[in-house]
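Descriptive structure summary
Residue-level listing of the chains:
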Amino acid sequence: MNKIFLIRHSISIGNEKNIIQGDMDYDISEIGKKLLEKLNCENLKHVHKIYSSPYLRAIRTSKYIKRKINFRKEIIIDNDLIEKNAGILNGKSKEYLRKNLNNYLQIYLKRGDYDEIPFGEPWKFTQARVISFLEKYIDNHDEQDVIVSHAAFMRCFINTINYEFRNKKLDLPNLCIYEIDNPLKNIKFNKYVIAKTAQVYKVSTYDNNYVLKKSSKKISQKDYEINKLLHYLSKNIAVPIPIYMTDKQNYSIKIFDYLEGKHLLGKLSEKDTRNLINEVSRLSELLSNYKTDEFKYKDIISHMFCIKEEINNYKYEAILNKLIDDKELNNYLVNAKYILVHNDLHRYNIIFEGEKISFLDFDGIEVGPEALQLASFIATSFIIEDVKINIEDVIRIWNKNMNKEFNDSLIYKLIIYRLICGINFFNNIKEPNIDDEKLKKKYISGLERMFEYEKYCS
């Protein structure tokens, strides 16, 4: 069973001067050093790790504990553990604040959310940091760790793991120690098995539901650009709102607001089908209007050459050769308008809640020809799910919504390309599970179905 010892740093210079420190980096005071000498560390002698906030007052406290218990390993600095940013209150004495910013000081003193303080840290951001830190205990079950942090963050931390209101009042004097067994016992981490390139969980606290995404890739500039894109899209359609992301030692964590609803697989009702086409049309229009140079350009012909080298299937290679030499497709790709494309709109990336539709997983967003959005959407959301879908109807509705004139033949060819991409993706999974094999069969069946259309051969 996991056990943690959550400790508030010793008295700092800021504490002595009655300053709201927030994310200001104050050192331990002389009184704080004397208080450390009196700290009883007997129960900490068998811990496995010491985690500390990067702020000096926490690091000094951690180093003292390390020395007192003769701990041999390095202290792990974790940015999840920083103090809450108190916005315009940071670095100011309470005396000054009573005279000049008393209304905001009262929010602070009454343990209100810092969202109401200009430039203060939103409560969801703080709780997301708590969840990000706790993630390490999902798969580790016999850890004993010291965690040195700060009062406001600790309040959210303790209340979150107790499944209580985030701002419930707690007594948190300097150098208090909270000994906590099984810190995940009250928080619900439900893993989604469908995710292929990351571990994805729904996380439920007393205050909110979140989605946690753990990836072997470190945070990149593209991730920041995707966050900007999601905030832009969220003004008009339902997409995940990014709250927090951070790099760990050999992986990264992203946390989003949870979107309510369910995945609908198989044949959709006529109403849901039309609603879905309309919403994806809106998504495509928004993506086409988004101005950025930060996303990768998708060269479809080059990509088909690459797939040919990997797929090891004579039949698929022949299809790819035919597509590579197709005049209609080549003429289109040379003259096409290139836009941002969500190339993975399978049903597990779409959530239905009544008439509301939400779209997930924008990690694979790239710049491609605008017809690819329609073709990829049809391939992943309809062809592999519904053998009776009328593709011509989907194209007709799309063309009307978008004021386009994409012909069936072009879209069919791009659909076939997208289905082969899917097959190749699943072929490259080193240890496929049952769900992988089922999805691969869906792509293969979808491709076989496309061969029935004579228009492709024209």
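As a reminder, the structure under discussion sits directly above these lines.
The sections below set out a description of the structure shown in this document. (Residues numbered from 1 in each chain as written. Predicted model: local features only at pLDDT ≥ 70, side-chain atom pairs only at ≥ 80, totals over all residues. Heavy atoms only, no water.)

Packed helices, taken two at a time, are described by the angle between their axes plus the distance between the axes. Remark: helix 9 (residues 270–289) packs on helix 14 (residues 391–402), axes separated minimally by 10 Å, with the N-to-C direction vectors making an angle of 45 degrees. In terms of their interaxial angle, helix 9 and helix 14 are classed as oblique. Handedness of the crossing formed by helix 9 with helix 14: right-handed. Of the residues in helix 14, those touching helix 9 at R274, I277, N278, V280, S281, S284 and E285 are V394, I397, W398, N401 and M402. (Axes fitted to C-alpha atoms, helices over the stretch in contact; angles between N-to-C directions. Helix = DSSP H or I, 4+ residues; strand = E, 2+ residues; numbered from the N terminus. Parallel < 35°, antiparallel > 145°, perpendicular 65-115°, else oblique. Left-handed = near helix turned anticlockwise from the far one by under 90°. Contact = heavy atoms within 4.5 Å.)

The buried count for helix 7 (residues 151–161) comes to eleven of eleven residues, which makes it a mostly enclosed element. Positive backbone phi, approximately 55 degrees, marks Y163, located one or two places after helix 7. (Buried < 20%, exposed > 50% of the residue type's maximum accessible area, 1.4 Å probe, protein only.)

Ranked by internal contacts, the top residues of the largest apolar core, which has 79 residues, are L276, F359, F362 and I415. No other element matches the twelve residues that helix 15 (residues 408–427) contributes to this core. Not counting residues within four places of it along the chain, the set of residues in contact with F359 comprises I237, A238, V239, P240, L276, E279, V280, L283, L345, N349 and I350. I4, W123, A128 and Y201 belong to the second-largest nonpolar core, a separate cluster that totals 35 residues. (Core = buried A, V, L, I, M, F, W, Y, C linked by side-chain atoms within 4.5 Å.)

Scanning the model with the defined rule gives 15 aromatic pairs in all. Relative to F406, the ring of Y332 lies with its centre 6.4 Å away and its plane at 90 degrees, an arrangement referred to as edge-to-face. Note that Y332 is positioned in helix 12 (residues 327–335) and F406 in the loop between helix 14 and helix 15, a separation of 74 residues in sequence. Each member of the aromatic cluster is reached from another via a ring pair, and the members are Y51, F133, Y137, F153 and F157. Positioned above the aromatic ring of F133 is the side chain of K136, whose terminal nitrogen or guanidinium carbon lies 3.5 Å from the ring centre. (Phe/Tyr/Trp six-rings, centres within 6.5 Å; stacked < 30°, edge-to-face > 60°. Lys NZ or Arg CZ within 6 Å of the ring centre and 35° of its normal.)

Let us now look at the sheet that holds strand 11 (residues 242–247). Strand order across the open sheet formed by five strands is 8-9-10-12-11, with antiparallel pairing between neighbours. Lying at the two open borders of the sheet, with one neighbouring strand each, are strand 8 (188–192) and strand 11. The average undirected angle you get between the axes of adjacent strands in this sheet is 20 degrees. For strand 10 (residues 209–215) and strand 12 (residues 252–257), the ladder comprises six bridges, and the chain directions are antiparallel. (Pairing = 2+ DSSP bridges.)

Moving on, we get to the side chain of D113. Tracing the chain through its elements places D113 in the loop between helix 5 (102–109) and helix 6 (123–134). Look past the residues within four positions of D113 in its chain and what remains in contact with it is I107, W123, R166 and N167.

The subject of this paragraph is the sheet that holds strand 4 (residues 76–77). Ordered by their spatial adjacency, five strands build an open sheet running 4-3-6-1-7, and the pairing between neighbours is mixed. If you trace the sheet from one side to the other, it starts and ends with strand 4 and strand 7 (177–181), each paired once. The strands touched by helix 7 within the sheet are strand 1 (3–8), strand 6 (144–149) and strand 7, with strand 1 carrying the most contacts at an inclination of about 150 degrees.

Interpretation in functional terms is not warranted from these geometric data alone.
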